[in-house]
Each structure stands twice: as structure tokens, then as C-alpha cells.
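Chain residues, written in single-letter form:
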Amino acid sequence: MKDNPLRIFGLFNRERFLANMNQTIFGIAAIVTFIAAWWGFSIYLNLAYVPSPDRVVWAFFTSFEKTEISLGTNMWGNILASLQRFGIGFVFALALALPVGLIMGFIKTADSFFKPLVELFRPIPPVAWVPIFLLIFGIFWGPVMVIFLGVFFPLLSNVIFGVKSVDQPLIDAARTMGANRITLFKKVIFPYTIPFIMTGITIGLGIGWMCIVAAEMIGAVGGGVGFYIFYSESIGRYEFMYAGMAVIAILGIGTVGVSHYVENKLNRRMGVK
Amino acid sequence: MNKKTTIAAIIVVAIVVIAAVAVVLMQPAASTNKKIIYWTQIAPVQQKAALLAGTVDGAVGWEPYCSDALNDGTGSVVVWSDQVWPEHPCCVIAVRYSDAFPNNPADNQLVARVVKANMVATNWIVQTINAGSGTNYTSLIQMGAQFSGIQASVVQSALGHIEYSNQLTPAVKAAFANFTGMFADLGQISNLAGYPNTTAFANAITNTSYLAMAPDIQPSATILGSVHLGYLNGDLHQFARVVAMNTSLWGGKTLFQDYGVNVTSPAPYANGGAVMDGFAAGSIDMGYLGCPPAILKRINANIQIQIVSLVNSEGSAIIGKTPINSLSQLEGKIVATPGPASIQHLLLLYYCNLNGYQLKLKGT
Amino acid sequence: MTLIIENLVKKFPKEDTELTAIENFNLVVKNEEFVCILGPSGCGKTTILRIIAGLEQKTSGSIRLDEREITGPGQDRGMVFQEFALFPWRTVQKNVEFGLEIKKVPSEERKRIANEFITLVGLKGFENSYPYQLSGGMKQRVGIARALANDPEVLLMDEPFGALDAQTRNLMQKELLRIRQQTKKTIVFITHSVDEACFLADRVVVMTARPGAVKEIFVIDAPQPRDRASIEFANLRKRILAELEREVIAGPSSPSNSPEKA
């Protein structure tokens, strides 16, 4: 807890680094092998579809520097557009999944009421909503709503699961100390659910990034990284398409990584080491 | 104890703040001297619904989707493409040159025969439209309705806006050069596939030899070979292929078979870029597609194609949601386009610039 | 303070029929008394404690605390759980303050009371630790401090040392006696260990197998601290064990599983 902040990322943890030496070596070996194979294939195939890694790296940096005239923005603008879309969809999903999940977990009649609806809509892939959301919600909110759906259901499931898995002895203990239903909810059930919410957030973030490309297939206001991928493909600049894919991967790894870190810290605190 | 809670809270607040700042930043800047029209990407098949829903205020698409929106009053014409670019080329037939095809005189014969059959079908369409009635006309409209999934009256209007012709005239080549130049200006291409200028490139990408062979080609009693032919989904620009494939018109076989070629097609492609990908994947030998994606991917993806016949010219329109019927009424509003690689997008861009408007992606 | 249990009956619905877990249980616990309830597993001893705590409803009969009928949970009865039941997101201090927060005791006062009981159970210096950082014995000390902080009239303990190893268990028994000495609390203590009952209790209530009722009550007047190695202790253990064994062999009257928690 009182760690040097840099140790958070395991960067300055020598013991752990040595312990994970083998893993690290294999990890690096895998990446090197992959890049070598990729490079070999790109030379062998000599196709625009399989640009060499150095072309993609070049495209990656170029996409940040150069404004794409048709889109009126560079990669930063696309990232900002995607993040904004993602952030709004995510915050909305959180704002709705939390109360609904808590209520569904806590109140049996609410569960009976909402459960059929949730079970009905959960299996529908968020991507399936893309065309109709465009018409119902327009070119700004349509894609946002796709993200919203992608994040909403995994989050909801985790919140409900969290509430339902509260240890009975904790509830008993609180009741013997005079807790009524409301304080029980405030002081026991909600705090207990927090790590589950965090797990839901981590899963939701992962799914959200998968949805963003689909969400931006249509009417993406201000561009977006997913939109950029489609655009680059449509004009046949495949190295830029791969660069866009790399950007999505980095955004995904970054946000999921932070979320995972917070989740682990919370789990430790909750005694679930 | 609250150190971690604080960190978690800071992270949450940071995310919310970033989202909020993003919302503010992404609002289109209000103050620029130039008059702005915004675009967004919506497939033509969805454009009418988007106009109805108020998602966009205008659209630029191809027939029959223009007529579909116009006929019931959802949209009003801002401008037809022929008013901006008279006789501008649109869809073409392209051939991919690979190790497998067409690498011998026999294969070249097959290409010429497909071009010939397309030409015969085109002439039949033009004559039938000019006649304006009769059994041929009725069956033409029916074929169009069936192929595009749009009602007959809409097909009828749409056919009035498409020019069906095949010759790759100097004017057509000049238009190819012009489109290539526009792509270069947009930064979508950074080279001309080794050619010194857009005119040289347009000449190189165009091969008129098959059209030149066509007048001498006669129907063949035997099948000489087969060709995989790609085309776009529901696009009435490529009506000649539909007519040529209709066996009831040509004595129990397709027009291609009449000229000695068995034509097979994979599932229709969604756009010209996908047709080009079909070439690269080896799924098709020849294909119907718009000339802009052919130019773009010829250069960027180095797909070795040549344009061997024109299919149609004109047949696109910029429309506004009724009562919008001029470009000035679209100022500050959003126009749907099929995407920045399409001829419709270029049309909108060109027409905006011509009238002193800047075309911008909504939100940038 | 007197706890009076009269003709307590508890039936659980079981498929189509009812399962009688407790039948006509009668007991009077006097002020400052330490009563151990001992019985074969499945006899309903934990159920009785939970009914006293108000966590479960009785089917019929009467439980009165100073003539007030018990109908639900209340701060006049504190409970200590076998599973510790500490809130993992709260520090030791905050766990002990839980009941006081509910009572809306001002924060300064809460802090003072919590510190007092943390000191009493010997956890001074661990106020800011989280439960996962504590050993089993320390966790149960927190559990005891938390129950006592509400100043209950009777302390209900449900096999509180059942999850601890033998050494810690012996130590905790001694600690409990010391705490009792200092707080003078009335204690109802559930256990299945005869040794534990003999070591701790003023009276040991031996229950019958299901349906649970009082079989016999042993009064232990040997003074504290008791010597486990003494002959008196061994004799007492022997007598209670014999009584208990007869019940274990007889088994429950209905051949179904116990609804009671393990």
C-alpha cells in the first residue's frame, strides 16, 4: 500500500522481474517470432493487404502527424472521438446497470420483473442494433448506444451476481447490530458489490472496445478509430488500416489494464487475494 | 485507509472529466469564415430512412435510391450529377491481369465476348427505354424491381436518370484523370502507380482494345470458356448484366452464353472497394464497379486491373430533405454519403467547393 | 436481565410436510450467567440462538428478555459468529464502530468506545488493519469487540471458536473468560465441544437429538479458572459426554437432513 508509485506497474520490482524471467523471455520470443514471420510473409506474398511491419509502424506515426483531408482530422482526433463515444456510452451503462443491478439483486419482485427482459435482450449482439440505432438515435448517439449496450449487460450481470453472493453471515451480523433494510443495503450490500462491479467494468471495457469498430461503421461523428479502419480499407491503404487496429489494441490494453489494476487492488482489500 | 479509495475516486473523476472535456471539444467550432456543409457516412439503401428520421438533412446516393426518396416526397432534388458533370462516367467493367487470366489469346477472346454481350444488353436497354412501352418495357421494369427490391414506379423514374453507354471516349478518360487528381488533392493517394501525371495514368488504366474487337464478334454455337464476374448489390447502374443474365430474353440461355461464355458470379458485393478485394482474392476475373474505387485500389493496393468498358454515366443525385432543394439550404447541415471513396462523395465535394462551401466530416 | 425461553417450537417446511427442529425448549438464563448449549449436530442448537438473536422466527412459544417479547433483531442482543462475519472493506476500528454508526453515536464518541473494546480484546495497535491481514483468533477478537461495543444485555456466541486451531482455541477461551470478568455480560454460548463447555460455563444445557429439547442441565460450580487436568473436570466431562453420546447414538427422530447450518 505504501509502495513507491512506480512499483505499481511492476517496473522497479527486481525480485518479481527475476521470478518472471522465464515468462518474460518466452513472451519476448513470441513477439519476435511473430514479427519475423509477418515480415517474411509480407516479402513473400508482396501484397498490399500484407504490408511489412515497418510500413505499419511508419503508417502508425504518420497517422498521428498528418491530417486526413477527407476526415478533417488526424489520429488524435479519431482517438478523441472514439474515447468520447466510448466514455459517454460507458458512463451511461454504468449509471443504469448499477442501480438496476443492485435493485434486481436485492428485491425479488424487481428481479422477476426485469429478468425476462434482460434475458431477452442480452443474447442480441450489440452490432445487430447498429442500423436501427442510427435511425432512432442519430449519427452521434447511435454509435454511443451500441457501446452502451456492449458494456451494459456484462456489468449488469456482475452487479446482480455480486448482490446475490453477499455472505449471509455478514447480513446476519449487520442485522444483529440493528441494521434495517436501508442501512443493510448502504453499509453491507453495496460495499460488498464493489469488487464485482469492478470485474464487470473490466469485462465491459473489453467488450466495449470490441463494439467500437462496429459502432463506428455508420455515421461516426468526428471520425473515430473504428471509422478510420473502415475508411483506410475503403481506399485501399491497408498499412493505415493496420495502424488503426494497433491503436484500438493499445487503447483496449490501456483501459482494461488500469481497470484490472484497480480490480486487483480492490480484491486484495476485500480479502479475495 | 482511504488512500486507495482516493486513488480510485481520482481515476473515476478523471475518466468523467476526460469524457466531459471530450464532449465540449468535439462540438463543431462555430466560427470559421468558410461556409460549411457536414458529411457523414450512410449507405444509400439506408439514406431515405435516415432522411425520414431526421438523422441527416441531405443525402448523395445512386439510383434507384435517389428516386426512391424523391418519388414519395421524402426528398427533393438539389442537383443531378449530370448537371454538375455532364456525361460523367460512373460504373465500368474491369479485368484483372494475373498469371492465370487473361494470359492467352483465348482468354482475351472471352473478355471481348463479355464486353460484347454487355454492349448488346446495353443497346437493348436503351432501345427499350426509348420505346417507353410494350412487353419488353414491362419486363425491363419488372427485372429492375426484382433485382433492386424497389417498386416498379421507382425503377421507372430511376431509369430516366441513368445514361447507359459503353464507349471509353476521350471525355471519359479525362474524367478518370480528373477523379484521380481529386483523390491526390485529398491525400488519399500518394503516387500515380509510376505514371507521370493523371492523364497518363488514366490512359494506362483504360484498355479500349476489347471494345474495338466487339463489332466483329458474332454469337457462338459452342461455349468457349467461363468467366467469374463480380457485381454490386441492387445497383441499377449495372442493369446490363441483369438483362444479359435473363434467359427468357435470349432464347433459353444467357446473352453471355449466346456469345460463348459461361458467366458465374459470387454473392453480390456491397461496394466497389469490395469488388476490388474480390479481384485481389482471385474470386473474380472481371467485375462491374464504380470507377473511383477502381482507381483508388489500383494505386493503393496495387491491384493490376484495367477498365475495358463503360457501363453507365450519370445516375447520382444530391437530394435534400423536403423542402430543402438547394445547396445553400444545406449550409451547416449534415449530408449522408456512401463513403469517401465513392463517386457520390466526390460529386458532393466538388459541388460544395464549386459553390464556395467547405465539406467537413461532422464533428471534426 | 433475565432471558426466558418457554415452550419454544420451530418447524421448517420440508417438501410436503414440516420438519420439527425444536420442540418445547425451555430455559431461563439469569443475569451475568454463562450458559453453554451443547448437543449432537443437527439438534437445532444454532437455530435456538438465531431465534434468540431475532434472525429467525419461532413457530410458537415465547422468548422474553426482561419481560419484552423478542420478535426481531435488536441491539440488546449481540452476536458472535463462527465465520467471524467481519466486513472485509472495513478496518478493525470501523468494524467495531458498525453498530454505533447505526445508533448514530457521534464520531468522537464512537472512536472512544471502539478503542475501549479494541483494547479490551487485546488488539491495540491493529485499529487500522483490514480483516484479511489478521489471523483467525484476531478476527474473532474483533467479532467479540464488535458485539460488545453495542453494550448488549446478552452476548450470543455461535460456536465462536469452531474455526480455530486447538492452541488458539484454548487461548481464546481464556481470553473470553477474562473479558467476561471485566464486562459482566450474560453469555449464551453454543458449542459441540464438551471440553469447551466444561471449561467455560456456569451451566451446561445438553440437548436431545432432533427435535431438539432440553435433555439435562449440568450446573458447574467449580470456580474459575478451571484446571482441565483436575479429576473433577474429568468426571464432569465424562458425565456430560455419556449423556451426549446416548443422544448421538439415538439419532434424530426423523431420518432427514438437518435444515440447520453446518
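(A) Structural context of the nonpolar core. Within the largest apolar cluster, 228 residues are counted, with the highest numbers of intra-cluster contacts made by F239 and M286 of chain B together with F25 and I37 of chain C. The leading source of residues in this core is helix α6 (residues 130–164) of chain A, at 17 residues. Beyond its immediate chain neighbours, meaning those up to four positions away, F25 of chain C contacts I5, E6, N7, L8, I37, I48, V205, M207, A213 and V214 of chain C. In terms of nonpolar packing, the next biggest core, distinct from the first, is built from 49 residues, F117, V121, L123 and L164 of chain C among them.

(B) Structural context of the interface of chain A and chain C. Chain A puts 20 residues into the contact, and the matching count from chain C is 27 residues. Roughly 2,200 Å² is buried in total at the junction of chain A and chain C, and carbon and sulfur atoms are behind 67% of that figure. There are 2 salt bridges connecting chain A and chain C. In this structure, the salt-bridge partner of E101 of chain C is K187 of chain A, at a minimum N-O distance of 2.6 Å. Seen at the junction of chain A and chain C, the total is 3 residue pairs in polar contact (both at pLDDT 80 or more).

(C) Examining the packing of helix α8 (residues 170–185) of chain B against helix α15 (residues 343–354) of chain B more closely. Residues and elements named next belong to chain B. It is the contact of α8 with α15, at a shortest axis distance of 11 Å, that shows an interaxial angle of 75°. The pairing of α8 with α15 is recorded here as roughly perpendicular in orientation. Of the residues in α15, those touching α8 at F179, M182 and F183 are I343, L346, L349 and Y350. Residue composition of the contact of α8 with α15, by class: 7 nonpolar, no polar and no charged.

(D) Quick look at the pattern of salt bridges. All names here are of chain C. By the definition in use, this model includes 35 salt bridges over all chains. Here E101 makes a salt bridge to R90, at a shortest N to O gap of 2.9 Å. Of this pair, E101 sits in helix α2 (residues 92–102) while R90 sits in the loop between β6 (77–80) and α2, placing them 11 residues apart in sequence. Assigned by exposure class, E101 and R90 land together as buried. One salt bridge connects R246 with E243, and the closest N-O pair in it is separated by 3.5 Å. Placement of the pair is R246 and E243 together in helix α7 (residues 231–250), with a separation of 3 residues, close to one helical turn. Classification of E243 as buried rests on a relative accessible area of 11%. Through salt bridges with shared partners, one network takes in R68, D76, R77 and E153.

(E) Layout of a nonpolar patch on the surface. Taken together, the side chains of F113, F114, L117, L120, F121 and I124 of chain A present a nonpolar region at the surface, about 550 Å² in accessible area. Tracing the backbone through its elements, the reader meets F121 of chain A in helix α5 (residues 108–121).

(F) Spatial organisation of the side chain of K185 of chain C. Residue and element names in this part refer to chain C. Inspection of the secondary structure puts K185 in the loop between α5 (166–183) and β8 (186–191). K185 gets classed as buried once you look at its relative accessible area, which sits at 12%. A polar contact of 2.5 Å, which involves the side chain of K185, links it to the side chain of D151. The contact partners of K185, leaving out residues within four places of it in the chain, are E32, E33, L148, D151, P152 and R180.

(G) Molecular detail of the layout of surface pockets. Quantified by volume, the second largest pocket comes out at close to 980 Å³. Taken together, 41 residues form the lining of the second largest pocket, with A43, W62, A270, N271 and P338 of chain B sitting closest to its centre. Broken down by secondary-structure element, the contributors of at least two residues to the lining of the second largest pocket are α6 and α9 (225–234) of chain A together with α2 (44–53), α13 (272–281), α14 (291–300) and α15 of chain B. Among the elements that take part in the lining of the second largest pocket, α13 of chain B stands out by supplying 4 residues, more than any other.

(H) Seen up close, the pairing of strand β10 (residues 214–219) of chain C. Residue and element names in this part refer to chain C. Where strand β9 (residues 203–207) lies against β10, 5 bridges are found, and the strand directions are antiparallel. In the sheet register, M207 faces β10, and the bridge partner there is V214. Where β9 hands over to β10, the hairpin turn is made up of 6 residues, counted between the paired strands.

(I) Region of the structure containing helix α3 (residues 53–65) of chain A. Residues and elements named next belong to chain A. In a regular helix each residue adds 1.5 Å, so 13 residues correspond to 18 Å; α3 covers 19 Å between its end C-alpha atoms and thus fits that length. Of the residues making up α3, those classed as buried are P53, V56, A59, F60, T62, S63 and F64. In this fold, the buried residues of α3 make contact with α2 (21–45), α4 (75–106), α9 and α10 (238–269).

(J) Examining the interface of chain B and chain A more closely. Each partner contributes residues to the interface: chain B has 38 residues there, and chain A has 39 residues. When the two sides are added together, the surface that chain B and chain A hide from each other amounts to roughly 3,300 Å², 64% of it contributed by carbon and sulfur. Put simply, chain B and chain A have 1 salt bridge between them. Where E233 of chain A meets K297 of chain B, a salt bridge forms, and the shortest distance between an N and an O atom there is 3.2 Å. Our count for the contact surface shared by chain B and chain A stands at 11 residue pairs in polar contact (both at pLDDT 80 or more). Element by element, the count of residues in the side of chain B that touches chain A is highest for helix α1 (residues 2–26) of chain B, at 9 residues. Taken together, the residues of the side of chain B that touches chain A sort by class into 22 nonpolar, 10 polar and 6 charged.

(K) The packing of aromatic side chains, seen in detail. Per the stated rule, a full pass over the model turns up 31 aromatic pairs over all chains. Between F34 of chain C and F189 of chain C the ring centres are 5.7 Å apart and the planes differ by 40°, which places this aromatic pair in the tilted class. You can see F34 of chain C sitting in strand β3 (residues 34–38) and its partner F189 of chain C sitting in strand β8, a full 155 residues away along the chain. The class of F34 of chain C is buried, set by a relative accessible area of 0%. Three or more aromatic residues joined by ring pairs form one cluster here, namely F161, Y192 and F196 of chain A together with F87, W89 and F98 of chain C. Here the basic side chain of K35 of chain B rests over the ring of Y357 of chain B, its NZ or CZ set 4.5 Å away from the ring centre.

(L) Geometry of the confidence of the model for chain C. Residues and elements named next belong to chain C. Averaged over every residue, the pLDDT of chain C is 87; the share at 70 or more is 96%. Across residues 255–262, confidence stays below pLDDT 50; counting only partners more than four residues off in sequence or on other chains, it has 20 contacts. With pTM at 0.80, the complex prediction returns an ipTM value of 0.87.

Calculation criteria
Residues numbered from 1 in each chain as written. Chains lettered and ligands numbered in written order. Predicted model: local features only at pLDDT ≥ 70, side-chain atom pairs only at ≥ 80, totals over all residues. Heavy atoms only, no water. Core = buried A, V, L, I, M, F, W, Y, C linked by side-chain atoms within 4.5 Å. Buried < 20%, exposed > 50% of the residue type's maximum accessible area, 1.4 Å probe, protein only. Helix = DSSP H or I, 4+ residues; strand = E, 2+ residues; numbered from the N terminus. Contact = heavy atoms within 4.5 Å. Buried area = accessible area lost by both parts, 1.4 Å probe. Salt bridge = Lys/Arg side-chain N within 4 Å of Asp/Glu carboxyl O. Polar contact = N/O pair within 3.5 Å; in protein donor to acceptor, adjacent residues only side chain to side chain. Axes fitted to C-alpha atoms, helices over the stretch in contact; angles between N-to-C directions. Parallel < 35°, antiparallel > 145°, perpendicular 65-115°, else oblique. Nonpolar A, V, L, I, M, F, W, Y, C, P; charged D, E, K, R; others polar. Patch = residues over 30% accessible without salt bridge, like charges linked within 9 Å, V, L, I, M, F, W, Y side chains within 5 Å. Areas by Shrake-Rupley, 256 points an atom, 1.4 Å probe, with all protein chains shown as cover. 1 Å grid on protein atoms, 1.4 Å probe; cavity = no way out; pocket = protein on both sides within 12 Å on 5 of 7 lines; lining within 4 Å. Points joined across faces, edges and corners; volume = space filled by probe spheres on them. Pairing = 2+ DSSP bridges. Expected span 1.5 Å × (residues − 1). Phe/Tyr/Trp six-rings, centres within 6.5 Å; stacked < 30°, edge-to-face > 60°. Lys NZ or Arg CZ within 6 Å of the ring centre and 35° of its normal. pLDDT = per-residue confidence, 0-100.

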